Amino acid sequence: MIVQIAGNVKFPITLDPTVWIFDDRKVTFKEIFEPENAESSIEEEDELKRKSLRFDREVYQQKLNPPVNKSINRYEKQRIVNGTFLMPIKSFLQTSEPMKDVTQAKLISDQEEEIIDADQLADSYLLFAENGKPLKESGPVHIYFHDGSNQDAPIKGIKRIELQ
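Now for a description of the structure that goes with this document. Given the structure is predicted, the values throughout are model-derived calculations rather than measurements.

### A word on the nonpolar core
Ranked by size, the top nonpolar core spans 30 residues in total, and within it Leu121, Ile161 and Leu163 carry the most contacts. Once residues lying within four places of it in the same chain are set aside, the contact partners of leucine 121 are Ile89, Leu93, Ala105, Leu107, Ile116, Ile143, Ile161 and Leu163. Grouped together as the second largest cluster of nonpolar side chains are nine residues, Phe29, Phe33, Leu135 and Tyr144 included.

### With respect to unusual backbone geometry
Even without being a glycine, glutamate 97 presents a positive backbone phi close to 50°. As for its placement among the helices and strands, glutamate 97 is situated in the loop between helix 4 (90-96) and strand 5 (104-108). What makes glutamate 97 partly exposed here is its relative accessible area of 34%. Even without being a glycine, asparagine 131 presents a positive backbone phi close to 55°. Within the secondary structure layout, asparagine 131 lies in the loop between strand 7 (125-130) and strand 8 (133-134).

### Quick word on the environment of proline 154
Following the sequence through the fold, proline 154 ends up in the loop between strand 9 (141-144) and strand 10 (155-158). Every residue in contact with proline 154, bar those within four places of it in the chain, is listed here: His142, Ile143 and Tyr144.

Parameters and conventions
Residues numbered from 1 in each chain as written. Predicted model: local features only at pLDDT ≥ 70, side-chain atom pairs only at ≥ 80, totals over all residues. Heavy atoms only, no water. Core = buried A, V, L, I, M, F, W, Y, C linked by side-chain atoms within 4.5 Å. Buried < 20%, exposed > 50% of the residue type's maximum accessible area, 1.4 Å probe, protein only. Contact = heavy atoms within 4.5 Å. Helix = DSSP H or I, 4+ residues; strand = E, 2+ residues; numbered from the N terminus.

These figures capture arrangement, not role.
Following this line, the structure appears as structure tokens:
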């Protein structure tokens, strides 16, 4: 389940959305399209982290020598298992270094091809996980525009992006 960025680029690249779950650039669906709901959950998360750190310091700090680096805490693990995540596509497009004359992007799936503006693509997000699971049937990724105009009908099943 890979996605290729090719066409009029200096460096064609291949993306593997299944590993993005561990990427710090991922954002939740609520953070993008429902920011008023996401802010309260971020505050709750911060409060839980503060309480957890205080508890860890008071109880476990004396017993751990040397300190153990936990890469994913319990809250983050629960968030990953249940979350719906998107990845901004802009950094991947910058890595592929599109030529200056690129104005359009052709989104290719098994069923159809759709052409959109390259600037609109650069501000888009790739949905790669829904309810903690990768998109297998309708994937590997769906494209959501930054303005939310296709929130109810995203472009699904994207397997290749050709910049023209």
